[in-house]
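So the chains spell out like this:
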Amino acid sequence: MGTAAHRSIWWLASPLAAVLLLFFAVPLVLIGVVSFWSYTGYSITPAFELRNYAGIFDGCRVGGAGPCVVLSTYLSTLFFCVVVWAITLVLGFCIAYFLVFEVRSSRMRIGLGILCTIPFWTSNVIRMISWIPLLGRNGMVNLALMQLHLINHPLEWLLYSRFAVAVAMVHINTVFMIVPLINSMARISPSLIEAARDAGASWWQTLRNIIIPLCRGGIAIGSIFVITVVMGDYITVGLMGGEQIASVGKTIQTQIDALQFPIAAASAVLLLAFVMLMILALIRIVDIREEL
Amino acid sequence: MRQKRSRSFYFMGLIFVAYVLFLYGPTLTILLLSFQGPTGGLTLPLQGLSLHWYHDLMLGHGLPNIRIALWNSARLGILVSVLTMVISVMAGLAFRRKFRGASLLLYAAIASLILPSIIVSLGIALEFSLANKLVMGGGDVLASRFGDGHGNFLANGIGMAGNWIEDHFQTLMGLFTSGLGAHLTWTLPFGLLIMFAVFNRFNPSYEEAARDLGATSWQTFRFVVLPLIAPAVIGVALLGFTLSWDEIARSSQAVGSANTLPLLLEGLTTTVTTPVIYALGTLTTLLSLAVIGLALTAFAMGQRRVRGAGKKA
């Protein structure tokens, strides 16, 4: 390829590169740099010190005084991560399975698949607000349970609670599992499954020994999406948790609001490291198995 | 002849139906409640049916700053949509060939999509607040060195610029600077992935034919490639709009003092106690749905067009 042709390709790619450089790469580098800076009440100054990181782990020394806030925050966020990941994985798997293997007409499959993905393109905030009439104190769920005489007083933990946060997260994020899983399953050759059936494999054996292993890639990609979204979430936890529940993202948001940029940056570096480790672990699981 | 359905069909089908109800149920509930009678509240039962809350919404009752938020979201959305379309198509064309840095660029786009929004948002806020400091510091330096009015024409001009910065400069952060950038980090990866899908199915022999007939690369693009991909390109623009229209996680720390519709809605959840918020939510969702519907139509048309062209060839 000539240099002229090469130059024209560069020209085509440059707007994307410029946007990603200016609004993604440079900001990430700045987060790393500023996490070592020092700050006083209202100003930040260049420095190289570990005070911000030390501040995050304040109270975490073994036998030290005070609560280890960062640990409890991460545990609180990880709780959502595990619960939401497990539910979206099972739910997403069943839905993808139904669409790919049970729905026979391809037009129907595309239509139902689109039905599952449309809400993704609408507002998350409105989708969260939509839970208020259902889960609120006088909401439909409480009314129904009282009508059925299953409870005497409205349940208070339905809204603005960990439960509500988990429901909204599943509601919003299952699509991230469905799409990659459909993608993986659609690539499985039907003759492979037929062969397994012919060889006497039960439905469960086919699922366990053929379909699930061939969906590893989709599972990994879906898991990466769900885990990163939940780990960094602050909107859902804030709105559905009634601003009362701690999460890693919410901590960073509070620090930004207080203009404590260096400490927010250090928290962000920690979150980034945590998320990257999880992503690497997921990618590795996939690769290792593919080599076997 | 129809085969008998297996037990797994009914089991998985039941889960599917339950999921769809779970997915759409809440939205349909607020759609219903937006028609709540004037005396009704945020929850069922309905106290009659009315357009009362839509009327309130039109008048802006109980929703301060709604107009400016709508206007901000609309104009930002349109700009993001156009930029997403142009940049994605250009990058999509570039990625059809190999170039140095291609995989780095692709990884950056994917990382931009999956890294937590709070981190992207913080980074942009940080970048702009440092840039503000730089501008203000620069203004001070210019004003103190050239602002005494004793230099030549150029020096005085620079000094006046310095004084102006000292007196008037507030922030570089805003809807169309940091806010726009934050939205593009979210919309561009989607645009790029869609363009990948479009070009994967694209038959390069049309372009070869055009080139053989002596068309320049611009002519080939303008008269052969673009007409074929046009519907998909419009689809990218529409999806870019709805992604921006509903975006909150990346904007929230990065738009500065401006309010967008999702940010306003988030704030309203704690203050508004009437169904007017459902009316606003319903209208916003309807706009998103209309845009998605148009985008899907565009993609379907695009596929038919490429397939049709294939048949003729």
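Here the structure is a predicted model, which means the values were calculated and not measured.

Observations regarding the overall build of chain B
Reasoning step 1: Secondary structure summary: chain B contains 11 helices and zero strands in total.
Reasoning step 2: For chain B, the sequential pattern of α-helices and β-strands runs α-α-α-α-α-α-α-α-α-α-α.
Reasoning step 3: Relative to its length of 313 residues, chain B is extended, with a C-alpha radius of gyration of 26 Å against a globular reference of 20 Å.
Reasoning step 4: With respect to the three principal axes, the spread of C-alpha positions in chain B is 95 × 70 × 30 Å.
Reasoning step 5: A burial count over chain B gives 50% of its 313 residues as buried.

Things to note about the interface of chain B and chain A
Reasoning step 1: Contacts between the two partners involve 86 residues from chain B, matched on the other side by 83 residues from chain A.
Reasoning step 2: The contact between chain B and chain A buries some 7,500 Å² in all, and 80% of this surface belongs to carbon and sulfur atoms.
Reasoning step 3: Summed over the three residues of chain B that lose the most area to chain A, namely Met12(B), Phe16(B) and Tyr19(B), the buried surface amounts to 9% of that side.
Reasoning step 4: Run the count over chain B and chain A and you get zero salt bridges.
Reasoning step 5: When residues of the side of chain B that touches chain A are traced back to their parent elements, those giving at least two are helix H1 (7-33), helix H3 (66-94), helix H4 (102-114), helix H5 (117-146), helix H7 (175-200), helix H9 (217-245), helix H10 (261-271) and helix H11 (276-312) of chain B.

Side note on the environment of Ile114(B)
Reasoning step 1: Positionally, Ile114(B) belongs in helix H4.
Reasoning step 2: Taking C-alpha positions, Ile114(B) is 9.1 Å from Trp186(B), a pair spaced 72 residues apart along the chain.
Reasoning step 3: With near-sequence residues (within four places) excluded, Ile114(B) lies in contact with Ile224(A), Phe225(A), Thr228(A) and Ile279(A).

Some remarks on the packing of helix H8 (residues 162-186) of chain A against helix H11 (residues 216-232) of chain A
Residues and elements named next belong to chain A.
Reasoning step 1: Running from N to C, H8 and H11 point in directions that differ by 160 degrees, and their axes come no closer than 7 Å. As far as their axial angle goes, H11 and H8 are roughly antiparallel. Two packed elements cross with a definite hand, and for H8 against H11 that hand is right-handed. The residues of H11 that touch H8, namely those facing Met169, Asn173, Phe176, Met177, Pro180, Leu181 and Ser184, are Gly217, Gly218, Ile219, Ile221, Gly222, Ser223, Phe225, Val226, Val229 and Val230.
Reasoning step 2: Among the residues forming the contact of H8 with H11, the class breakdown is 11 nonpolar, six polar and no charged.

Considering the pattern of salt bridges
Residue and element names in this part refer to chain A.
Reasoning step 1: Tallied over the full model, the rule gives four salt bridges over all chains.
Reasoning step 2: Note that arginine 51 and glutamate 49 form a salt bridge whose closest N and O atoms lie 2.9 Å from each other.
Reasoning step 3: Residue classification places glutamate 49 among the partly exposed positions, given a relative accessible area of 24%.
Reasoning step 4: Of the charged contacts in the structure, one is a salt bridge between glutamate 243 and lysine 250, with a shortest N-O distance of 2.9 Å.
Reasoning step 5: Judged by relative accessible area, lysine 250 falls into the buried class, the value being 12%.

What to know about the state of the cysteines
All names here are of chain A.
Reasoning step 1: A complete count under the given rule lists one disulfide over all chains for this structure.
Reasoning step 2: Across the disulfide from cysteine 60 sits cysteine 68; the S-S distance is 2.0 Å. Note on the cysteine 60 and cysteine 68 pair: the S-S dihedral is about 85 degrees, so by sign convention the disulfide is right-handed.
Reasoning step 3: The cysteine cysteine 215 is free of any disulfide, with cysteine 94 supplying the nearest cysteine sulfur at 12 Å.

Section: the packing of aromatic side chains
Reasoning step 1: A complete count under the given rule lists 27 aromatic pairs over all chains for this structure.
Reasoning step 2: Ring centres of Trp121(A) and Phe190(B) lie 5.7 Å apart, and the angle between their planes is 65 degrees; on these two criteria the pair is classed as edge-to-face. One end of the pair, Trp121(A), is in the loop between helix H4 (106-117) and helix H5 (124-129); the other, Phe190(B), is in helix H7, on a second chain. Side by side, Trp121(A) and Phe190(B) carry an identical accessibility label, which is buried.
Reasoning step 3: Feature note: the residues Phe120(A), Trp121(A), Phe176(A), Phe225(A), Trp186(B) and Phe190(B) constitute an aromatic cluster, connected by ring pairs.

Focus: the nonpolar core
Reasoning step 1: Counting residues in hydrophobic clusters, the biggest one holds 178 residues, and the most contacted among them are Leu16(A), Ile252(A), Leu271(A) and Ile229(B).
Reasoning step 2: In terms of residue count, helix H3 (residues 69-102) of chain A provides more of this core than any other element does, 15 residues in total.
Reasoning step 3: Apart from the residues within four sequence positions on either side, Leu271(A) is in contact with Tyr74(A), Met231(A), Gly232(A), Val248(A), Ile252(A), Pro116(B), Ile118(B) and Ile119(B).

Brief notes about the confidence of the model for chain A
Reasoning step 1: Mean pLDDT over chain A stands at 90; residues scoring 70 or higher make up 96%.
Reasoning step 2: Here strand S2 (residues 43-45) of chain A is the element of chain A with the lowest mean pLDDT, 81, and H8(A) is the one with the highest, 95.

Topic: a nonpolar patch on the surface
All names here are of chain B.
Reasoning step 1: Judged by side-chain polarity, Met58, Leu59, Leu283, Leu286 and Leu289 come together as a nonpolar surface patch covering roughly 440 Å² of accessible area.
Reasoning step 2: When residues of the nonpolar patch are assigned to their parent elements, the largest contribution, three residues, is made by H11.
Reasoning step 3: Among the secondary structure elements, leucine 283 is positioned in helix H11.

What to know about unusual backbone geometry
All names here are of chain A.
Reasoning step 1: In this structure, tyrosine 160 is a non-glycine residue whose phi angle is positive, near 55 degrees.
Reasoning step 2: Phi at leucine 259 takes a positive value of approximately 60 degrees, unusual for a residue other than glycine.
Reasoning step 3: Its place among the elements puts leucine 259 in the loop between helix H13 (248-257) and helix H14 (261-291).
Reasoning step 4: Leucine 259 sits in the exposed class, given a relative accessible area of 54%.

A look at helix H6 (residues 153-168) of chain B
Reasoning step 1: Here H6(B) contains 16 residues, and its C-alpha end-to-end distance of 22 Å stays within 8% of the 22 Å for a straight helix at 1.5 Å per residue.
Reasoning step 2: Two to three positions downstream of the cap, the backbone nitrogen of Leu154(B) sits 3.2 Å from a side-chain oxygen, assigning the N-cap of H6(B) to Asn152(B).

The rules behind these values
Residues numbered from 1 in each chain as written. Chains lettered and ligands numbered in written order. Predicted model: local features only at pLDDT ≥ 70, side-chain atom pairs only at ≥ 80, totals over all residues. Heavy atoms only, no water. Helix = DSSP H or I, 4+ residues; strand = E, 2+ residues; numbered from the N terminus. Rg over C-alpha atoms; globule rule 2.2 N^0.38 Å. Buried < 20%, exposed > 50% of the residue type's maximum accessible area, 1.4 Å probe, protein only. Contact = heavy atoms within 4.5 Å. Buried area = accessible area lost by both parts, 1.4 Å probe. Salt bridge = Lys/Arg side-chain N within 4 Å of Asp/Glu carboxyl O. Axes fitted to C-alpha atoms, helices over the stretch in contact; angles between N-to-C directions. Parallel < 35°, antiparallel > 145°, perpendicular 65-115°, else oblique. Left-handed = near helix turned anticlockwise from the far one by under 90°. Nonpolar A, V, L, I, M, F, W, Y, C, P; charged D, E, K, R; others polar. Disulfide = S-S within 2.5 Å. Phe/Tyr/Trp six-rings, centres within 6.5 Å; stacked < 30°, edge-to-face > 60°. Core = buried A, V, L, I, M, F, W, Y, C linked by side-chain atoms within 4.5 Å. pLDDT = per-residue confidence, 0-100. Patch = residues over 30% accessible without salt bridge, like charges linked within 9 Å, V, L, I, M, F, W, Y side chains within 5 Å. Areas by Shrake-Rupley, 256 points an atom, 1.4 Å probe, with all protein chains shown as cover. Expected span 1.5 Å × (residues − 1). Polar contact = N/O pair within 3.5 Å; in protein donor to acceptor, adjacent residues only side chain to side chain.

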